[in-house]
Structures are given as C-alpha cells and as structure tokens.
Amino acid sequence: MKLTKTLMTTTVLTVAAAGAYAESHGNMANSMTLVSWGGAYQASQQKAYVEPYLAMHPEVSASWDESSNEAVAKLRAMNEAGNITWDLVDVVASDAIRLCDEGLAMEIDPETDLAAAPDGTSAEDDFGDLLVSDCFIPQIVYSTTFGYRTDMVGDTPPTDVCAVFDLETYPGKRALEKRPINNMEWALLCDGVAKDEVYDVLETEEGQEQALAKLDTIKDSVIWWSAGADTPQLLADGEVVMGSTYNGRLFSVIEEQKQPVAMLWDAQVFDLDGWIIPAGLPEDRLARVKDFLKFATDTQRLADQAKYISYGPARQSSAPLVGKHAELGIEMAPHMPTDPENAKNTFLYNYEFWADYRDDIDAKFQAWLAQ
C-alpha cells in the first residue's frame, strides 16, 4: 500500500479586512498562511474556527501548509533567509518553547491578545498552567497512544503498552513515529525503568543507549511514520498490527471509518498543541493574524473543535461546552484522553526536557535509524 500524503495543500479561503482590531492597528493583510498537521486534526480546525471566521469576513485569501512536523527547521531557515512566509503555525509545546527561546516566535500578552472567558475570567487564568511558554497559545490537550487491529491480536487483546515489544504474542509490523520523542520513553518503561525516573535516565548517554537497545529488539518490525494520518491508514489497510499516533486520529479511524481498530490507552503520553506567531511579520500580516487568533482561541471556538475530534480544549471555560460529535451524534467526553477511564495510567510528557535535549537526541536517533 502506498500512503498518500500531501506535504502541502492549499485551500483558498476568504477573510475580510474589516474589524475592531484593524481600526486600532491599521490595515490588515488580505491573506494568511496557516500551518498545521493535515488530516482529521486540521479538518477540525477548519470547521471549528476557520470557516466561522471566513463567514464573518468574506474578502481575504489564505492557505493551509501541512508542515508542522518540520516547523522548527523551516522557521530557522526562513529566519536565516530573511523571508518569513508563514503567518500562524500550529506546534507542540516543546517546539514552541524552543522557537521562543531562539527568538523565532513572538511573545504573546494573554490579556490583550487573547479573549477573556464569557464570565470575564482573564485568558491567562482560563488557560492557567497550560501557558507553558510566553510565545505559545494552547488549543488542545491530546495524547499519543496506540491503536491495534482487533482481528489481528487473537483472543488476548493488548492491555499494556509493552505489548508493542512482544513480537511473540503479537507478531506483525508496528508503526512508530520517526523521531525519538515518546519512543524513547516507552522503551525505557518497557525495559524496567520506573515512570518517575524515565527522564533522569534519558538525560544520560547510558540511558539513551538503553532506550535504543530496547527499540533494536523490534526495529526490523517497525514501519516509521512522519504524518499523523499514516498509522490510521496502515491500520485500516491491515499493514500493521498496532501503531502509535494521536488519539484523535485513532478516534477518526474507529468511530468515523468503523475500522476493526481499538484503542490502547495504557501509558498514553499527554501533550499540548497550539499556535505560535513567527517573529518578524510585517505589521499588516501581524494585525490579520492577531485578529484571527483572538477569535480562534476563544472559549466557544475551542469547545467547538471537540465536536469534530477527541482532543480536550485547553481553556477551562470550554470544557462544560463540550457535547456531541457534530456528525456522529455520540458524546465526546468518553473519547477524550482526559476521561478518567482512559487516564488510569498516563505518562506526562516533559516539555522542558525535550526543549533542552531534542536536537542532540534527534541526531543520535536518526543515526541509529540509518544503521
């Protein structure tokens, strides 16, 4: 099966140049380039807040670029070339921290740049601890976890994440992301390292070698993915028995596509995803982006996103507004990674660790892959 993945899709959108922000900040640009991850997640963004914004403002064109998995490298290159072509970029929290530290993302003032909650609670208080960087505006709480083919696991479906390393009980291909994040943590957990010691071990050369040695035991049985849509497609086609991806992508293949796939929530890795504004935008483009951003991250828009995908909204005020799936009519709360039944054994992602160690461990991981 050949995976079809378009690295960049352009959707012509229309947005107006009028509005209160424009009145106080001068003219707004007539176009935006929004960067995201493609697939079901990007579709949820389009439906929840891009389309409503367009309906309010019918004049400006914009395009989607599905390059979020390469955001750090591409923004570094754009900055070096002095040509910032992106206007708003969706990234995971650790990448936001790196981009902020490197001066490649703009600092945000939650009080002026983000909308207050409907009851008047400030955006800063509403987002709370999820504002993990001065440059980061969180949208969702999601997890990276595993799905498995229910018809390929025999009479004993997996309940433990370490089933990924059990080729005898669960023979067949696995799908893992082509980067060290999460894979290194799961490898150490399944090699006997206590959950609260994983990052202490992983910051050492010996710990990194231990994780890679564990991954070596299944390396020949792994299909490596780069796009979040890859694992659901591999599972749907029966090319892998199990694979990691974002929980919302698995929700889509299970509930929307009705494939014989089930969730393995054990040791799901909680993470945050949200927006950054690239540093150095011209004033007219910055004005447009800020106007859109204030709308797209308000209480109702983040709650609306949960109608289309099983990611928890990042604002506290949005949670009570989460209801049923817009098309399936099913309650979404039980499909969230934060649901108590699903969150019995979670692994908390360490943003600071990966912001500090990402480049070095990435290089080591890619060298290992090439061996």
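Here goes a summary of the coordinates provided. The residue numbering used here restarts from 1 in each chain and proceeds along that chain's sequence as written. It should be noted that, the model being predicted, local features are given only for residues of pLDDT at least 70 and side-chain atom pairs only at 80 or more, the latter also being counted only at that level, while totals for whole chains, interfaces and linings use all residues. Where side-chain values are given, they derive from all heavy atoms of the structure, hydrogens and water being excluded.

Description of the overall build of the protein
- Only DSSP runs of H or I reaching four residues or more are called helices, and only runs of E reaching two or more are called strands; each is numbered from the N terminus. Within the protein, the secondary structure is distributed over 14 helices and 10 strands.
- For a compact globule the rule gives 2.2 Å times the number of residues to the power 0.38, and the radius of gyration it is set against comes from C-alpha atoms. Taken over the C-alpha trace, the protein has a radius of gyration of 21 Å; the compact-globule value for 371 residues is 21 Å, and the two agree within 12%.
- Once the C-alpha set of the protein is aligned to its principal axes, its extents read approximately 65 × 45 × 40 Å.
- Relative accessibility under 20% of the residue-type maximum defines a buried residue, over 50% an exposed one, and the middle range a partly exposed one, all with a 1.4 Å probe and only protein chains included. Buried residues in the protein amount to 57% of all 371 residues.
- When the accessible area of the protein is evaluated, it comes to approximately 15100 Å², of which 48% is carbon and sulfur surface.
- Counting rule for charge: Lys and Arg are taken as positive, Asp and Glu as negative, and neither His nor the chain ends is counted. Charge placement uses NZ in Lys and CZ in Arg. For Asp and Glu, CG and CD serve respectively. Taken as two groups, the 27 positive and 61 negative side-chain charges of the protein have centres that lie 6 Å from each other. Here the Shrake-Rupley method, with its probe set to 1.4 Å, supplies the accessible areas, and only the displayed protein chains count as covering residues.

Quick notes on the nonpolar core
- Of all hydrophobic cores here, the largest spans 89 residues; its most connected members are Met 184, Leu 202, Leu 215, Ile 276, Ile 277, Phe 292 and Trp 354.
- By residue number, the principal contributor to this core is helix α14 (residues 351–370), which donates 8 residues.
- By definition in these notes, contact holds between two residues if any of their heavy atoms fall within 4.5 Å. Those residues in contact with Leu 215 that sit more than four places away from it in its chain are Phe 165, Leu 176, Asn 183, Met 184, Ala 187, Phe 365 and Trp 368.
- Side-chain atoms within 4.5 Å link the members of a nonpolar core, which is a set of buried Ala, Val, Leu, Ile, Met, Phe, Trp, Tyr and Cys residues. Of all hydrophobic cores here, the second largest spans 20 residues; its members include Leu 234, Leu 250, Val 253 and Val 261.

Observations concerning the pairing of strand β2 (residues 61–65)
- Burial of β2 is extensive: 4 of the 5 residues sit out of reach of the surface.
- Here 5 bridges tie strand β1 (residues 31–35) to β2, and the two strands are oriented parallel to one another. What sits directly across from Thr 33, in β2, is Ser 63.
- With the strands aimed away from the viewer, a crossover counts as right-handed if its path from the first strand over the helix to the second runs clockwise. Taking the sense of rotation as the criterion, the β-α-β connection linking β1, helix α2 (residues 39–56) and β2 turns out right-handed. Whether two strands pair depends on DSSP finding at least two bridges between them.

Re the state of the cysteines
- The rule for a disulfide is simple: a pair of cysteine sulfur atoms within 2.5 Å. Within the structure shown, the criterion is met by 2 disulfides.
- What pairs with Cys 100 in a disulfide is Cys 135, and their sulfur atoms sit 2.0 Å apart. Across the S-S bond of Cys 100 and Cys 135 the torsion is about 60 degrees, and the bridge reads as right-handed. In this pair, Cys 100 sits in helix α4 (residues 93–101) while Cys 135 sits in the loop between α6 (123–127) and β4 (137–149), placing the two residues 35 residues apart along the sequence.
- Under the relative-accessibility criterion, Cys 100 is labelled buried at 16%.
- Taking the relative accessible area as the measure of exposure, Cys 135 reaches 0% and is therefore buried.
- Sequence-ordered numbering of the bonded cysteines in the protein gives a pairing of 1-2, 3-4.

Brief notes about unusual backbone geometry
- Here the phi dihedral of Lys 258 falls at roughly 55 degrees; this positive angle occurs in a residue that is not glycine.
- On the secondary structure map, Lys 258 appears in the loop between α11 (247–256) and β8 (261–276).
- One non-glycine residue, Ala 267, lies in the positive phi region at around 60 degrees.
- Within the secondary structure layout, Ala 267 lies in strand β8.

Here's the deal with the pairing of strand β7 (residues 242–246)
- Along β7, 5 of the 5 residues are buried, which leaves the element largely enclosed by surrounding structure.
- Here β4 runs beside β7; their pairing, made up of 5 bridges, is antiparallel. Directly across from Thr 145, in β7, lies its bridge partner Thr 245.
- In the sheet, strand β5 (residues 174–177) pairs with β7 via 2 bridges, with the strands oriented parallel. From the neighbouring strand, Arg 174 faces β7, where its bridge partner is Met 242.

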